[in-house]
Amino acid sequence: MSTSHTDAADIAASLRAEMVRELREMGEVISEPVAAALATVPRHLFAPGEPLEAAYAADRALVVKRDASGTALSLLSAAHIQAVMLEQAEIEPGMRVLEIGSGGYNAALIQELVGAEGMVVSADIDPGIVERARTCLTAAGYDRVEVVPADAENGVPEHAPYDRIIVTAGAWDIPPAWMDQLSAAGRIVVPLRIRGRTRSIAFDRSDDVLVSRSYRLAAFVPMQGAGAFREHTVRLAEGVVLQVDEEPQRFDVEALRRALGSPRLERWSGAAFDLPDELELFLLTNMPQVAMLHAAEELVDQGRFALSAARGVPVLIRDGSFAYRTKRPNQETGGFESGVFAHGPDAETVAAEYVELLRRWASDHRRRGAARIQYVPKTARTSLPSRGLIRKRHGTVIVSWP
Ligand SMILES: C[S@@+](CC[C@H](N)C(=O)[O-])C[C@H]1O[C@@H](n2cnc3c(N)ncnc32)[C@H](O)[C@@H]1O
């Protein structure tokens, strides 16, 4: 090995150790096996041509492929989300693991975790990515990983059953093949989109349904192939968009445009505002007709929309009126109070309905523990509750709260 190669390997090793230290500090790495895997696999060999510092930045994803419009189709995911998902998966030596969405690096980490007795299958819909992953894995010494071209919708039946299925592309649904190919005590870790937001959810199998054990917000490149979903956006005005990605919903767009121009009604809940991600999940799964409202930052800066709309906020729509959540400092108790901005002829009604949800969240559920997310395939013989249902193509997501 030449001196420069030795130097690069030494620098990579020290950057790798630093990355693991940072991931521990962030609380993303908590177990020794995941730390050891991250400390062992030479991540830079899966990012050829990138500076070593970029390859080992804990929170940086590197684009491998884009489509014609510039949208990223394949990434070397950021190490922090890979660590989160591996912790969620709790992979043990000897397990059989299917990874959906290849790149090589995550599969090599999984190979470290399953050891010599285990098996790793990594599937990608894009033959170019399959080839690239194989090349990188060989260069890094992980050629035992089986990289196959396949559409996630079908899984990879020839190597099933799997103890773990780890999905590394944003999914809208859980195809039947994943259930069919999952072992009786298996777990699926999947970035699942629920009403416009994606969470990495660890689901344990319980007979013919899946039950969550943990979840975290996460962003992923979209699933392609048979399981691809189409997001619907409704433009209300320059910089103002409604995003709808569940079953098609009909809005009176002209009436909503008129409502946008009408004066703003403010109503305050008297309830504390915190844990915004949890509250958002509650709202998204308890509103009868729901979309996400997005407003451009300059409109927020001009005071025309609450800050919540810059990131996207659940909006409650009734005919030509709508309401969405905001917050203000609570002078008496410290922290924040939740409230609502509403527009349109029925602004009072939609605001009252939204405020009621904010109060119900605060009095019945806030800080009582995480939601329980279940996935019930259409084929399961399980009766469904009346609330918190999100219909998918192959089954139903049920979100309930302690
Ligand atoms: C974030 S990248 C995968 C990252 C990779 N796991 C790593 O080690 O960094 C997501 C991948 O999912 C793939 N993908 C998207 N839709 C797919 C599908 N239906 N079936 C299989 N792979 C898919 C994309 O081609 C892309 O390479």
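Residues numbered from 1 in each chain as written. Predicted model: local features only at pLDDT ≥ 70, side-chain atom pairs only at ≥ 80, totals over all residues. Heavy atoms only, no water.

Let's shift gears to the site of the ligand. Neighbouring the ligand are 26 residues, the closest being Ser 74, Glu 99, Asp 124, Ala 152 and Gln 224. Asp 124 has a polar side-chain atom sitting 2.7 Å from an oxygen atom of the ligand. Out of a free accessible area of 600 Å², the ligand has 100% covered by protein chains. Going through the elements one at a time, strand E2 (72-76), helix H5 (105-114) and strand E4 (119-124) are the ones with two or more residues in the shell around the ligand. Ranked by residue count, the leading element in the shell around the ligand is E2, at four residues. Of the residues assigned to the shell around the ligand, the class counts are 12 nonpolar, 10 polar and four charged. (Near = heavy atom within 4 Å. Polar contact = N/O pair within 3.5 Å; in protein donor to acceptor, adjacent residues only side chain to side chain. Areas by Shrake-Rupley, 256 points an atom, 1.4 Å probe, with all protein chains shown as cover. Helix = DSSP H or I, 4+ residues; strand = E, 2+ residues; numbered from the N terminus. Nonpolar A, V, L, I, M, F, W, Y, C, P; charged D, E, K, R; others polar.)

As a further point, take the sheet that holds strand E11 (residues 240-244). In sheet architecture, strand pairing relies on hydrogen bonds along the backbone and comes in two forms, parallel and antiparallel. Read from one edge of the open sheet, seven strands run E10-E11-E13-E14-E15-E16-E12, paired in antiparallel fashion. Every interior strand has two partners, whereas the edge strands, strand E10 (232-237) and strand E12 (265-273), have only one. Each strand of the sheet is rotated relative to its neighbour by a mean of 35°, with strand direction disregarded. Here eight bridges tie strand E15 (residues 321-329) to strand E16 (residues 336-343), and the two strands are oriented antiparallel to one another. Counterpart to Ala 323 in the pairing with E16 is Ala 342. Contacts between helix H8 (residues 253-260) and the sheet are confined to E10, E11, strand E14 (313-318), E15 and E16, with E10 contributing the most and set at about 45° to the helix. In the packing of helix H12 (residues 347-365) onto the sheet, the strands contacted are E12, E14, E15 and E16, and the crossing angle to E12 comes to about 5°. (Pairing = 2+ DSSP bridges. Axes fitted to C-alpha atoms, helices over the stretch in contact; angles between N-to-C directions. Contact = heavy atoms within 4.5 Å.)

Right, let's get into unusual backbone geometry. With the exception of glycine, the majority of residues adopt a negative phi angle, and the majority of peptide bonds are in the trans configuration. For the peptide bond that leads from Ala 160 to Pro 161, omega is 5°, which places it in the cis range. If you trace the backbone, Pro 161 turns up in the loop between strand E5 (146-149) and strand E6 (162-167). The phi dihedral of Asp 207 falls on the positive side, at around 55°, and the residue is not glycine.

This next bit is on H5. In terms of burial, H5 is largely enclosed, as nine of its 10 residues are buried. Among all positions in H5, only Tyr 105, Asn 106, Ala 107, Ala 108, Leu 109, Ile 110, Gln 111, Leu 113 and Val 114 are buried. Following H5 by one or two positions, Gly 115 has its phi on the positive side, about 70°. (Buried < 20%, exposed > 50% of the residue type's maximum accessible area, 1.4 Å probe, protein only.)

So, on to the side chain of Ser 122. Turning to its location among the elements, Ser 122 is positioned in strand E4. At 2.6 Å, the side chain of Ser 122 and the side chain of Glu 99 are in polar contact. With residues up to four places along the chain from it excluded, the contact list for Ser 122 reads Glu 99, Gly 101, Ser 102, Ala 107, Val 145, Glu 146, Val 147 and Val 148.

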